[in-house]
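Examination of the molecular architecture
Read off the chains here:
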Amino acid sequence: MSLLPILTIPDTRLKTKCKPLANVDGRVVGLMDDMLETMYKAPGIGLAAPQIGLLERLIVVDVTDQRTEKPDPIAMVNPELIWTSDELAVTQEGCLSIPEIYADVTRPKMVRVRYVDRAGEVREMDADGLLATCIQHEIDHLNGVLFIDHLSSLKRNMILRKYNKARK
Ligand code: ZN
């Protein structure tokens, strides 16, 4: 396993729509392990392939508390939301590709996601709360969408100014 460098904005790969994977082979399983290791080390609760420069539809998530709970890693190939609740939830989000920036984002509170797992099986999962938020955030990455894109342009520009200033 190896740690992978995580891209940060304004890298254009983070704004690119990713391609579906044709199958889950040894390369993809190896990527899942490398992405999980990279995510835990960061530390983060989700990571999408474009964040490591690969424009492929692959995400990993684990919303358990690393300090107190047993890990529960989930890797999803070609994930798609097949249902979202009308009920919304506001969650403070951050992103490993936009370090040290946090903002409240409104999204459906519950989702059902269909994906291919590391054994190549098609699965469906219902998610609620932080897991639902995290899955939506990571699937957004596969479509070149960042959490700040869900904010008003006024709020987003304010955040980007702060981000750019901190990086000068
Ligand atoms: Zn992110």
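Since we're looking at a predicted model, the values are computed, not measured. (Residues numbered from 1 in each chain as written. Predicted model: local features only at pLDDT ≥ 70, side-chain atom pairs only at ≥ 80, totals over all residues. Heavy atoms only, no water.)

Things to note about the overall build of the protein chain
Short version of the rule: A run of H or I in DSSP counts as a helix once it spans at least four residues, and a run of E counts as a strand once it spans at least two, with each numbered from the N terminus. Burial classes follow relative accessibility: with a 1.4 Å probe on protein chains only, a residue under 20% of its type's maximum area counts as buried, one over 50% as exposed, and anything between as partly exposed. Note on definitions: a residue-residue contact is assigned when non-hydrogen atoms from the two residues lie within 4.5 Å. Here the accessible surface of atoms and residues is derived via Shrake-Rupley with a 1.4 Å probe, and residues count as covered only by protein chains that are part of the display. Note that His is not counted, nor are the chain ends; the positive residues are Lys and Arg, and the negative ones are Asp and Glu. For charged residues, the charge sits on one atom: NZ in Lys, CZ in Arg, CG in Asp, CD in Glu.
Counting its secondary structure elements, the protein chain contains three helices and seven strands. Reading the protein chain from its N end, one meets helices and strands in the order α-β-β-β-β-β-β-β-α-α. The 168 residues of the protein chain split such that 43% are buried. Long-range contacts, defined here as pairs at least 24 residues apart, represent 63% of the contacts in the protein chain between residues at least 6 apart. As displayed, the protein chain offers around 9,100 Å² of accessible surface, 53% of which is attributable to carbon and sulfur atoms. Charge-centre separation for the protein chain: the mean point of 22 positive side chains lies 8 Å from the mean point of 24 negative side chains.

A closer look at the pattern of salt bridges
Let me state the cut-off plainly: Every case where a carboxyl oxygen of Asp or Glu lies within 4 Å of a side-chain nitrogen of Lys or Arg is listed as a salt bridge.
Scanning the entire structure with this criterion turns up eleven salt bridges. Between Asp128 and Lys109 there is a salt bridge, with the nearest N and O atoms lying 3.1 Å from each other. In this pair, Asp128 is assigned in strand E7 (residues 122–128) and Lys109 in the loop between strand E5 (98–108) and strand E6 (110–116), connecting sequence segments 19 residues apart. Linking Arg123 and Asp117 is a salt bridge whose minimum nitrogen-to-oxygen distance equals 3.1 Å.

As for the pairing of strand E4 (residues 88–95)
Worth spelling out the cut-off: Between any two strands, pairing holds if DSSP finds at least two bridges.
Taken together, the seven bridges between E4 and E5 define a ladder with antiparallel strand orientation. Note that in E5 the partner of Val90 across the bridge is Thr106. The turn linking E4 back onto E5 is made up of two residues.

As for the coordination of the zinc ion
Defined as follows: Each metal's donors comprise the N, O and S atoms found within 2.8 Å of it (within 3.2 Å for Na, K or Ca). Water is not part of the atom list, so some coordination spheres may appear incomplete.
Looking at the zinc ion, the protein donor atoms are Cys95 (SG), His137 (NE2) and His141 (NE2), and they sit 2.1 to 2.3 Å from it. Mapped onto the sequence, the residues coordinating the zinc ion show the spacing C-x41-H-x3-H. Of this pair, Cys95 sits in strand E4 while His141 sits in helix H2 (residues 129–142), placing them 46 residues apart in sequence. Residue class for Cys95 comes out buried when judged on its relative accessible area of 10%.

Describing the nonpolar core
The criterion, for reference: In these notes, a set of buried Ala, Val, Leu, Ile, Met, Phe, Trp, Tyr and Cys residues joined through side-chain atoms within 4.5 Å is what counts as a nonpolar core.
Ranked by size, the top nonpolar core spans 17 residues in total, and within it Ile74, Met76, Val113, Met125, Leu131 and Ile135 carry the most contacts. Elements supplying a minimum of two residues to this core: strand E2 (58–61), strand E3 (74–84), E6, E7 and H2. For this core, the element with the most residues is H2, which contributes six residues. With near-sequence residues (within four places) excluded, Leu131 lies in contact with Val61, Val63, Ile74 and Met125. In terms of nonpolar packing, the next biggest core, distinct from the first, is built from 15 residues, Leu58, Val60, Ala75 and Val77 among them.

Some points on the sheet that holds strand E1 (residues 46–48)
Using the following cut-off: An axis is simply a line fitted to the C-alpha atoms; with a helix, the fit covers only the stretch in contact. Between two such axes, the angle follows the N-to-C directions and lies from 0 to 180 degrees.
A sheet is described by the order of its strands in space; here five strands give the open sequence E1-E2-E3-E6-E7, paired in antiparallel fashion. The open sheet has two edge strands, E1 and E7, and neither has a second partner. Between one strand axis and the next, the sheet turns by 40° as a mean value, whatever way the strands run. Pairing between E3 and E6: five bridges, direction antiparallel. Within the sheet, the bridge partner assigned to Leu81 lies in E6 and is Val113. Across the sheet, helix H1 (residues 26–41) touches E1, E2 and E3, and the angle it forms with E2 is around 40°.

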